[in-house]
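Okay, here's what each chain looks like letter by letter:
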Amino acid sequence: MEKTIDESKQGESLVLEGKKENSRKLFIESYGCSMNFSDSEIVASILHKQGYNTTQNLEDADLVLVNTCSIRDKAEQTIRKRLEKYNAVKRINPGMKVGVLGCMAERLKSKFLEEEKIVDLVVGPDAYKDLPNLLAEVEDGRDAINVILSKEETYGDISPVRLNSNGVSAFVSITRGCDNMCTFCVVPFTRGRERSREPQSILEEINDLWTRGFKEITLLGQNVDSYLWYGGGLKKDFDKATDMQVATAVNFAKLLELCAKAYPKIRIRFSTSNPQDLTLDVIETMAKYKNICNHIHLPVQSGSNRILKAMNRLHTREEYFELIDNIRRILPDCSISQDMITGFPTETEQDHQDTLSLMEHVKYNFGYMFYYSERPGTLAERKMEDDIPLEVKKKRLDDVVQLQRKHSEFRTKAYLNTVVEVLIERESKKSDQHWSGRTSQNIVAVFPKENYKVGDFVTVKINECTSATLIGEALALSNI
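Conventions adopted
Residues numbered from 1 in each chain as written. Predicted model: local features only at pLDDT ≥ 70, side-chain atom pairs only at ≥ 80, totals over all residues. Heavy atoms only, no water. Helix = DSSP H or I, 4+ residues; strand = E, 2+ residues; numbered from the N terminus. Rg over C-alpha atoms; globule rule 2.2 N^0.38 Å. Buried < 20%, exposed > 50% of the residue type's maximum accessible area, 1.4 Å probe, protein only. Contact = heavy atoms within 4.5 Å. Areas by Shrake-Rupley, 256 points an atom, 1.4 Å probe, with all protein chains shown as cover. Lys, Arg positive; Asp, Glu negative; His and termini not counted. Charge placed at Lys NZ, Arg CZ, Asp CG, Glu CD. Polar contact = N/O pair within 3.5 Å; in protein donor to acceptor, adjacent residues only side chain to side chain. Axes fitted to C-alpha atoms, helices over the stretch in contact; angles between N-to-C directions. Parallel < 35°, antiparallel > 145°, perpendicular 65-115°, else oblique. Left-handed = near helix turned anticlockwise from the far one by under 90°. Nonpolar A, V, L, I, M, F, W, Y, C, P; charged D, E, K, R; others polar. Pairing = 2+ DSSP bridges. Disulfide = S-S within 2.5 Å. Arc of directions from axis to C-beta.

### Some points on the overall build of the protein
Then, number 1: Within the protein, the regular secondary structure consists of 15 helices and 22 strands.
Then, number 2: Against the compact-globule benchmark of 23 Å for 480 residues, the protein has a radius of gyration of 22 Å, which places it among compact chains.
Then, number 3: A burial count over the protein gives 58% of its 480 residues as buried.
Then, number 4: Of the contacts formed within the protein by residues at least 6 apart in sequence, a portion of 73% connects residues at least 24 apart.
Then, number 5: Counting every atom, the protein has about 20000 Å² of accessible surface; 49% of that belongs to carbon and sulfur.
Then, number 6: The positive charge centre, built from 66 side chains, and the negative charge centre, built from 72, are 2 Å apart in the protein.

Next up, the structure:
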């Protein structure tokens with residue numbers, strides 16, 4: 001999977017103000033990638049119809065759910081600590097039920113339910129519609145589990161609630177699952193094969209957001225570039241499609257254009273891309289429409305061809321450079337961000353230097369950087385020895401982080417004395433006298449509030465910056 005992990009959001013609880021007749025309370029937390037946060041909105045919608053309103057107070061909850069991530073060991077350890085907390089509260093409130101959703105649910109189903117007995121129900125990413133039945137099982141005193149992976153489920157018929165929403169930006173899921181069998185990644189095993197959502201249902205969800213005043217959407221998938229709708233079914237079965245299905249198929253570039261043309265006043269982002277699947281027609285579509293944001297999250301994981309091959313990344317260092325050069329040529333003002341893993345099995349010092357030299361070539365705007373942690377069930381765990389000492393992994397990670405900070409500062413300084421368009425999302429964390437928002441390039445900008453409000457597009461003159469934030473003054477409202 002191409003992960004877009006937002007550490008600042010990990011552990012965020014989700015709140016929905018629902019119908020007053022709903023008497024039961026749901027407490028739900030999400031960890032890991034953006035898809036998990038999106039899935040939690042689907043879960044809350046399903047349970048809202050079953051009489052649950054959400055609460056931020058764990059002690060008040062009748063049902064506690066944690067939407068889990070298996071990407072890194074640290075995420076799993078964090079979730080285990082949360083489950084300990086839930087069960088401490090459950091000893092005081094024995095009527096409270098605890099459940100695990102998402103990727104860890106699939107991987108650790110028997111351990112959670114049978115061995116450790118720390119949860120009442122376990123629900124995989126494709127089984128959320130079965131929650132009402134599973135809760136009935138729990139009410140009857142039985143453990144409940146459904147981790148069956150689906151070849152069809154996209155939740156396109158569920159209208160997600162917008163939890164803890166700023167009323168400005170929202171996720172719109174377009175694909176589920178992943179066919180890219182990267183040797184370090186559990187996602188193909190926990191989320192199943194790749195399938196795409198019907199385009200009309202995507203447009204209808206965006207229309208609902210537009211009518212409710214949202215100004216920005218992010219098209220979301222483990223690998224959005226693999227989006228392919230030909231009437232339903234798995235992407236891998238497209239070679240069996242009829243001539244009519246092939247002729248009317250919608251790929252990601254076409255979907256992006258459909259969304260941009262239908263809603264020209266909504267900013268459109270997407271995440272996450274895979275270098276082997278990001279095509280020139282996507283980049284050209286971005287250049288064609290002003291409301292498609294100039295930012296591409298393009299995980300590379302390593303700069304070494306040998307390690308890329310060991311990871312089963314189906315691109316080379318040279319092909320990645322060619323893609324970067326095409327982005328720079330077609331979209332000169334596009335920001336590019338990365339995912340990077342240090343200390344993958346057999347990684348040598350030369351491999352590490354190849355990663356650093358790749359970063360020097362690209363000079364990413366920002367990135368998500370981790371040292372390798374072995375994930376049970378992956379090909380790397382089954383076939384490769386985790387042979388890089390932890391202190392070496394950490395040292396190499398520090399090298400990558402320090403270089404990224406240097407590049408981030410280089411990129412933000414380029415905006416000094418320029419004018420950018422910012423969508424106001426919230427009050428600044430550091431000052432209640434300043435607004436915070438993001439540019440098209442996904443860079444945070446802060447400026448004095450004056451008479452502007454959340455949801456406004458504002459032109460901002462940039463006077464100062466840090467390595468991650470632009471600091472300026474508002475000039476005027478902007479029409480996207």
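### Notes on the side chain of N274
Then, number 1: Relative to the elements of secondary structure, N274 occurs in the loop between β14 (267-271) and α10 (280-288).
Then, number 2: In this structure the side chain of N274 is engaged in a polar contact, spanning 3.0 Å, whose partner is the backbone nitrogen of Q276.

### Thoughts on the packing of helix α12 (residues 317-330) against helix α13 (residues 349-362)
Then, number 1: Closest axis-to-axis distance for the α12/α13 pair is 11 Å, and the angle between their directions is 15 degrees. Judged by the angle between their axes, α12 and α13 are roughly parallel. Read as a crossing pair, α12 and α13 show a hand that is right-handed. The residues of α13 that touch α12, namely those facing R317, Y320, F321, I324, D325 and R328, are D354, S357, L358, H361 and V362.
Then, number 2: Taken together, the residues of the contact of α12 with α13 break down into five nonpolar, two polar and four charged.

### A short note on the sheet that holds strand β20 (residues 444-448)
Then, number 1: Ordered in space as β18-β19-β20-β22-β21, the five strands form a closed barrel in which the pairing is mixed. Strand after strand, the sheet turns through a mean of 50 degrees between neighbouring axes, direction not considered.

### As for the sheet that holds strand β16 (residues 335-342)
Then, number 1: The three strands lie next to each other as β15-β16-β17, forming an open sheet whose pairing is parallel. At either end of the open sheet lies a strand with only one pairing partner, and these are β15 (295-297) and β17 (366-371). With strand direction ignored, the average angle separating the axes of adjacent strands in the sheet is 10 degrees.
Then, number 2: Inspection of the sheet shows β15 paired to β16 by three bridges, in the parallel sense. Note on β16: the bridge partner recorded for I296 is I336.

### Examining the state of the cysteines
Then, number 1: Taken as a whole, this structure holds zero disulfides when the rule is applied.
Then, number 2: Summary of cysteine pairing: C334 is not part of a disulfide, and the nearest cysteine sulfur, belonging to C293, is at 9.9 Å.
Then, number 3: Distance from the sulfur of C465, which forms no disulfide, to the nearest cysteine sulfur (C334) is 19 Å.

### Some details on the side chain of S436
Then, number 1: Topologically, S436 is positioned in strand β19 (residues 434-439).
Then, number 2: Every residue in contact with S436, bar those within four places of it in the chain, is listed here: L423, I424, E425, R426, E427, S428, V444, A445 and V446.

### Quick word on the packing of helix α7 (residues 199-211) against helix α9 (residues 252-262)
Then, number 1: α9 packs onto α7 with a crossing angle of 30 degrees between their chain directions and a minimal axis gap of 11 Å. Crossing geometry of α7 relative to α9 is assigned as right-handed. For the pair α7 and α9, contact is made by P199, I202, L203 and I206 and by L255, L258, C259 and A262, respectively.

### Thoughts on unusual backbone geometry
What is expected of a backbone is that most residues other than glycine have negative phi and most peptide bonds are trans.
Then, number 1: Across the junction of S271 and T272, the peptide omega takes the value 10 degrees, indicating a cis bond.
Then, number 2: Among the secondary structure elements, T272 is positioned in the loop between β14 and α10.
Then, number 3: Phi angles above zero are rare outside glycine, and Q301 is one such case at about 75 degrees.
Then, number 4: With respect to the secondary-structure elements, Q301 resides in the loop between β15 and α11 (305-310).
Then, number 5: When its relative accessible area of 0% is taken as the criterion, Q301 is described as buried.
Then, number 6: Phi angles above zero are rare outside glycine, and T346 is one such case at about 75 degrees.
Then, number 7: The class of T346 is partly exposed, set by a relative accessible area of 37%.

### Focus: α9
Then, number 1: For α9, the set of buried residues is F252, A253, L255, L256, C259 and A260. The buried residues of α9 all sit within an arc of 165 degrees when viewed along its axis, so they share a single face.
Then, number 2: For α9, the elements touching its buried residues are α7, β11 (216-220), β13 (250-251), β14 and α10.
Then, number 3: Where α9 starts, the residue carrying a side-chain oxygen 3.3 Å from the main-chain nitrogen of A253 turns out to be N251.

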